[in-house]
Amino acid sequence: MAAPKKGRSASAQSRPGRSLVLILIAIVALTGGMFLSGHTTPRLGIDLAGGTSITLRAEAEPGQESAINKTNMDTAVEIMERRVNGLGVSEAEVQTQGDKNIIVNIPKGTNSKEARDQVGTTAKLYFRPVIATEVTGAAAKTSPSPSPSGSASDKATDKATSSSSPSATGTPSATSTTQGRAVTDALKADPTGSASPSSSASPSASASPSGSADTGKLEKQYAALDCTDETARAKAGDGAKPTDSTVACGQNAGGQWQKYILGPAEVDGTDVDKAEAAFNTTTAAGWTVNMEFTGEGRKKFGEITGKLAQNQPPQNQFAIVLDNEVVSDPRVSQALTGGSAEISGNFNQESAQSLANMLSYGALPLSFSEDSVTTVTAALGGEQLKAGLIAGAIGLALVILYLVVYYRGLSLVAIASLLVSAALTYVIMSLLGPAIGFALNLPAVCGAIVAIGITADSFIVYFERVRDEIREGRSLRPAVERAWPRARRTILVSDFVSFLAAAVLFVVTVGKVQGFAFTLGLTTVLDVVVVFLFTKPLLTLLARRKFFANGHRWSGLDPKRLGAKPPLRRTRRPAAGPVDPKEA
């Protein structure tokens, strides 16, 4: 008689240790990554850690409803991030929510009123003539925003060259007296002055009756300004009107912070009709930013570039200023009266697109209104976190108590599986914080508590299938293997339904409810991993131990307690004796 073939299931049954080793390696690797990253605890949301959450709704001007689109919303997010960072906030979050909302989450320790004022106002973009500039410190830590300066041809071509102060040495080491004389001379020499009888609508600093007082004030502000200091950068130019000269900060192509004295605004951001990034193959200039102006903007831009072209560096530069920060300062060599300009320099695709977006934002018909503002103190957040943890602990304790009472020794498998699932959940949540910005909020904690019941349900399904096989009269080892295919199908279907519900909830909802959906989906996936790679192999190994295999009364698999049928035994029927021929 031929021996039966050994299938894949037989091989898997004989080597359950492989699955246990695999999941152990995964846990060790993820835990090591968590400690190496330095993020050993999950990132907490505003409702648990404390802070301010601001929900802004985009509003378009009448007839401009199409302005609310993904590109413009992403640009608004980028600008709001710059503003929030200007407050010195290191862990703020700015992200879109749905099609029209932007959520700004600012952690504790930040002035909530100041934050609301910063993120709720419309971006202000101006083109201002440069009066003086110099580098104020070492290269910045982050990569520079697109702020190269350069010469201009028929189009404002932006070549990466650092501008220097008009002092004798042109270095930051100049004495305060020399620097002061240089700034004074620069302020007296109006960079927008021209022999042309036409003049700009915005008066220059020197044209003011209080020119001496304004000049002295600007000199002091400029001398004291340290653009390497975040607080100083945020306050630079505060209170300055478009018609006033002011000081500002910006980064050059080398990533160094520069400080500027800027003249009155000559062109408003709303005068820019369109700005886009393009790769220039004609002149081999690489990535450039093309600007087109409105009818009024064309006239203003032609006048200012004509005046600046007659000056010496750096007073032949105009600064593109967004929210009092210089994002670019190209040089001009001739009047640009065609209504368009091209800024070129050391741009890559990302930096060119970023500058184009900023230029476009000055002309976007978008404003934002506050939908809601929620402020949670650190104490209240701590109390909510404590309450959530207590609720989770109570739920877990009740589940464990039920498993111990009902399944006895078999509950050790379920408890060990719950601990493995909890460890994986904790480590992955800790890693997702810095990776994708996941923050554990109160609804997410609720999702984790609900997941305890979903995970325990998978173990119960398998255990009951095993018990059913024992009731049919089978011994433990065959019962474990025969119960697995049916239990596996049930577990997969159940977890698929839970994951589908979590996915739909995550897609169709907004705000904190997404935290609940994300946590529920994550724990559902981990439930499948733990059942397949830990629970099933562990039960296979325990089935070989006498305590469980012999059906000890405390094992939870006692055939007598389960009401098992006696095993079916096949017996041979006795052979019929010889038949008497006469009787036949």
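To start, this report covers the structure provided alongside it. As the structure is a computational prediction, the values presented were derived from the model and not from experiment.

A short note on helix α12 (residues 411-436)
Here is step 1: In this model, α12 (26 residues) spans 36 Å end to end at C-alpha, consistent with the 38 Å of a helix rising 1.5 Å per residue.
Here is step 2: Backbone geometry just after α12 places glycine 437 at a positive phi near 80 degrees.

Focus on the pairing of strand β11 (residues 325-328)
Here is step 1: Summarising the sheet, strand β5 (residues 246-251) and β11 pair through two bridges and their orientation is parallel. Paired with cysteine 249 across the bridge in β11 is glutamate 325.
Here is step 2: Direction of pairing for strand β10 (residues 318-322) relative to β11: antiparallel, over a ladder of three bridges. Bridged to isoleucine 320 within β11 is serine 328.

Quick notes on the packing of aromatic side chains
Here is step 1: Across all of its chains, the model carries 14 aromatic pairs by this definition.
Here is step 2: With 5.8 Å between their ring centres and 40 degrees between their planes, phenylalanine 127 and phenylalanine 318 make a pair best called tilted. Here phenylalanine 318 lies in strand β10 and phenylalanine 127 lies in strand β4 (residues 125-139), a separation of 191 residues in the sequence. Like phenylalanine 318, phenylalanine 127 is buried.
Here is step 3: Over the ring of tryptophan 554 we find arginine 408, and its NZ or CZ is 4.4 Å from the ring centre.

Considering the nonpolar core
Here is step 1: Of all hydrophobic cores here, the largest spans 46 residues; its most connected members are Tyr462, Phe463, Val466, Leu476 and Leu539.
Here is step 2: At the level of secondary structure, the elements contributing two or more residues to this core comprise α2 (16-37), α11 (378-407), α12, α13 (442-471), α14 (476-508) and α15 (513-542).
Here is step 3: Residue contributions to this core peak at 10 residues, all from α13.
Here is step 4: Excluding its chain neighbours within four sequence positions, the residues that come into contact with leucine 539 are Leu410, Val413, Tyr462, Phe463, Val466 and Val480.
Here is step 5: Val289, Phe318, Ala341 and Leu359 belong to the second largest nonpolar core, which has 27 residues in total.

The rules behind each value
Residues numbered from 1 in each chain as written. Predicted model: local features only at pLDDT ≥ 70, side-chain atom pairs only at ≥ 80, totals over all residues. Heavy atoms only, no water. Helix = DSSP H or I, 4+ residues; strand = E, 2+ residues; numbered from the N terminus. Expected span 1.5 Å × (residues − 1). Pairing = 2+ DSSP bridges. Phe/Tyr/Trp six-rings, centres within 6.5 Å; stacked < 30°, edge-to-face > 60°. Buried < 20%, exposed > 50% of the residue type's maximum accessible area, 1.4 Å probe, protein only. Lys NZ or Arg CZ within 6 Å of the ring centre and 35° of its normal. Core = buried A, V, L, I, M, F, W, Y, C linked by side-chain atoms within 4.5 Å. Contact = heavy atoms within 4.5 Å.

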